Amino acid sequence: MKIKYKIALSYSISAFVLLNTFAILAYYFSAQSRKAEYLERLEYRARSIANVIIEDDRVKVDLLRKLDKTTFQDLYKETILVYNPSYDLVYSNVKDTAIRTPRRLLDYIKKNGEYSHERDNGELVGVYYTEGSVSLIVLVTSFDKYGFQNLQNLRQILIIEIVVAIILLVIIGYFFAGRMVQPIDKLVEQVQTINANNLQGMTVDAKGKDEIAQLGANFNTMLIRLSNAFDLQKSFVSNASHELRTPLASIISQLQVALSKEREKEIYVDVLNSVLEDAQHLSDLSNGLLQLAQSGLDEQQFVFSEVRIDELMLDMGNLIKLKHAPATQGTEPQKSPRIDISFLKVPEQDTELTCEGNESLLKVLFLNLLDNALKFSKDNTVSVTIDFTDSAIQVQVIDNGIGIPTAELAKVFEPFYRGSNSHQVRGHGLGLSICKRIALLHKGQISASSILGEGTTFTVELPHKHQ
């Protein structure tokens with residue numbers, strides 16, 4: 001069921017319940033008012049009758065009969081019974097009918113002074129009237145013809161009003177519900193025209209300050225994020241395809257050339273070393289893509305524990321040496337990598353250098369930073385400083401390489417982006433983007449500063465446990 005139908009139906013049902021309740025209450029109180037008014041009228045009638053027939057301490061029934069024959073009787077189906085204290089019938093306006101009044105009723109009236117009761121054929125009122133030394137019990141019964149007729153008319157009017165009101169309420173509710181959901185219908189129509197091909201620059205109308213306008217504004221924000229995600233995905237797929245194709249094409253071409261004719265052993269060794277280098281580059285790229293995918297996962301996917309950053313950085317030296325070990329037995333690297341670690345100040349508590357994080361991801365973060373710095377350092381040396389503030393641990397990785405142009409500093413953390421002056425160094429442009437995602441995953445941040453021709457400094461800030 002559509003929302004506008006639900007709104008109209010809920011509105012109509014609520015209005016029907018309210019109108020029905022008010023109608024029932026109006027009819028009930030009208031019926032109670034009629035009953036009280038008519039019983040009061042019968043009681044007045046009974047006392048008036050008793051007052052008329054008692055004169056000079058005597059009961060003058062003839063006067064009542066005379067009045068009864070003229071204009072005294074003005075109630076519909078009125079029955080008048082008058083008894084003396086001995087329960088003898090003194091007067092009755094009922095003819096040709098046996099009169100039976102329960103003695104217990106007369107006893108009750110004589111004891112309590114009055115009695116009233118509503119019956120199917122009318123209302124009954126009895127009074128015990130005393131004037132001087134004479135006492136009488138007067139019973140008056142009558143049917144409130146006009147009162148019940150007015151109640152019946154009132155009931156018919158209320159039913160007609162409720163039926164008409166419900167019809168009008170359904171129409172009005174449907175009309176206003178349609179106007180209320182009109183912005184939603186328009187939003188749905190606009191959303192239906194959006195697809196992956198026209199996502200760029202597409203927005204929906206979001207005017208006003210109500211919830212629908214807020215929904216439209218949030219939807220526009222989501223469209224912008226989706227557009228950026230699509231653009232990033234397209235760029236990522238394009239760059240990844242290019243980066244994967246390059247080493248594969250190099251491997252294939254080298255093998256094809258080597259197999260084209262028989263060659264000397266030394267040439268085959270050179271070809272295999274070159275192929276091995278391309279394969280290692282391809283492996284690094286695959287590992288980088290996997291790390292980039294893992295770093296984009298939610299924090300809840302990883303187990304976080306206490307990690308000492310100083311101990312982690314001290315382990316980085318061994319990991320770097322293992323990574324830069326000779327590819328083949330008997331081969332030595334040009335120069336062994338060197339990592340100088342220093343503390344800017346000594347911590348008073350271990351918690352000042354401890355953070356809540358995933359140790360494996362943090363190793364990937366600093367290993368990428370150190371490996372990247374070693375690639376560009378002139379003397380294959382990297383300086384690392386460890387410091388802390390009241391809120392975070394600060395680790396700086398400093399190289400003395402070629403530096404990064406100022407205009408490109410903001411782009412170095414994008415996937416597959418490489419500086420314009422770094423093409424002579426082998427790489428695939430994923431390391432820094434992985435570092436940024438891991439830092440954000442740990443509620444930290446990473447930044448870069450550089451002087452062209454002198455070197456680059458990467459600063460990582462991670463919240464420590466002491467905070």
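Everything quoted here is computed from the prediction, not taken from an experiment.

**Student:** Residue-level account of the sheet that holds strand 7 (residues 134-142), with values.
**Tutor:** Ordered in space as 4-3-7-6-5, the 5 strands form an open sheet in which the pairing is antiparallel. The open sheet is flanked by strand 4 (89-92) and strand 5 (114-119), the only strands paired with a single partner. Mean inter-strand twist for the sheet, computed between neighbouring axes without regard to direction, equals 15°. Pairing geometry for strand 3 (residues 79-83) and strand 7, over 5 bridges, is antiparallel. Of the residues in strand 7, the one forming a bridge with Tyr83 is Ile137. Where helix 3 (residues 103-112) meets the sheet, it contacts strand 3, strand 5, strand 6 (122-131) and strand 7, and its direction lies at approximately 135° from that of strand 5.

**Student:** Break down the sheet that holds strand 9 (residues 338-343) for me, with residues and values.
**Tutor:** Consider a sheet: its strands pair through backbone hydrogen bonds, and that pairing is either parallel or antiparallel. Strand order in the open sheet formed by 5 strands is 9-11-12-14-13, with mixed pairing between adjacent strands. The strands lining the two open edges of the sheet, one partner per strand, are strand 9 and strand 13 (445-451). Put simply, the sheet's adjacent strands are angled 20° from each other on average, direction ignored. Sheet analysis places strand 12 (residues 392-398) next to strand 14 (residues 455-463), joined by 7 bridges and oriented antiparallel. Bridging from a neighbouring strand, Ala392 pairs with Pro463 of strand 14. The strands touched by helix 9 (residues 359-376) are strand 9, strand 11 (381-388), strand 12, strand 13 and strand 14; relative to strand 14, the strand with the most contacts, the crossing angle is about 170°.

**Student:** Would you mind going over the layout of surface pockets in detail, with residue names and values included?
**Tutor:** Taken as a whole, the second largest pocket spans an internal volume of roughly 480 Å³. Around the second largest pocket sit 19 residues that line it, and Thr79, Leu81, Arg100, Arg119 and Thr141 are the ones nearest its centre. Of all the secondary structure elements, the ones that give two or more residues to the lining of the second largest pocket are strand 3, helix 3 and strand 7. Sorting elements by how many residues they give to the lining of the second largest pocket places strand 7 first, with 3 residues. Considering only residue class, the lining of the second largest pocket consists of 9 nonpolar, 6 polar and 4 charged.

**Student:** Give me the lowdown on the environment of Ile184, citing residues and values where you can.
**Tutor:** By the secondary structure assignment, Ile184 is in helix 5 (residues 182-192). A sequence separation of 29 residues divides Ile184 from Ala213, and the C-alpha atoms of the two residues are 9.4 Å apart.

**Student:** Can you lay out a nonpolar patch on the surface for me, pointing to particular residues and giving the numbers?
**Tutor:** On the surface, a cluster of nonpolar side chains totalling about 680 Å² of accessible area is made up of Tyr11, Ile160, Val164, Leu168, Ile172, Phe175 and Phe176. One can find Leu168 in helix 4 (residues 145-180). By relative accessible area, Leu168 is classed as partly exposed at 46%.

**Student:** Can you tell me about the side chain of Asp399, naming the residues and giving the values?
**Tutor:** Turning to its location among the elements, Asp399 is positioned in the loop between strand 12 and helix 10 (431-441). When neighbours within four sequence positions are excluded, Asp399 is seen to be in contact with Ala373, Ser377, Glu454, Gly455 and Thr456.

**Student:** Requested: an account of the confidence of the model for the protein chain, with residues and values cited.
**Tutor:** Averaged over every residue, the pLDDT of the protein chain is 79; residues scoring 70 or more account for 80%. When the criterion is pLDDT under 50, residues 327-331 qualifies, and its contacts beyond four places in sequence or with other chains add up to 5 contacts.

**Student:** Which residues make up the packing of aromatic side chains, and what values go with them?
**Tutor:** The relation between two aromatic rings is expressed through the spacing of the ring centres and the mutual angle of the planes. Applying the stated rule across the entire model yields 5 aromatic pairs. On the numbers, 5.2 Å between centres and 10° between planes, the contact of Phe143 with Phe148 is stacked. Through pairs of rings, three or more aromatic residues link up here, namely Tyr76, Phe143 and Phe148. The ring of Phe148 has Arg34 lying over it, and the distance from NZ or CZ to the ring centre is 4.0 Å. Between the NZ or CZ atom of Lys345 and the centre of the ring of Phe388, over which it lies, the distance is 5.0 Å.

Rules used throughout
Residues numbered from 1 in each chain as written. Predicted model: local features only at pLDDT ≥ 70, side-chain atom pairs only at ≥ 80, totals over all residues. Heavy atoms only, no water. Pairing = 2+ DSSP bridges. Helix = DSSP H or I, 4+ residues; strand = E, 2+ residues; numbered from the N terminus. Axes fitted to C-alpha atoms, helices over the stretch in contact; angles between N-to-C directions. Contact = heavy atoms within 4.5 Å. 1 Å grid on protein atoms, 1.4 Å probe; cavity = no way out; pocket = protein on both sides within 12 Å on 5 of 7 lines; lining within 4 Å. Points joined across faces, edges and corners; volume = space filled by probe spheres on them. Nonpolar A, V, L, I, M, F, W, Y, C, P; charged D, E, K, R; others polar. Patch = residues over 30% accessible without salt bridge, like charges linked within 9 Å, V, L, I, M, F, W, Y side chains within 5 Å. Areas by Shrake-Rupley, 256 points an atom, 1.4 Å probe, with all protein chains shown as cover. Salt bridge = Lys/Arg side-chain N within 4 Å of Asp/Glu carboxyl O. Buried < 20%, exposed > 50% of the residue type's maximum accessible area, 1.4 Å probe, protein only. pLDDT = per-residue confidence, 0-100. Phe/Tyr/Trp six-rings, centres within 6.5 Å; stacked < 30°, edge-to-face > 60°. Lys NZ or Arg CZ within 6 Å of the ring centre and 35° of its normal.

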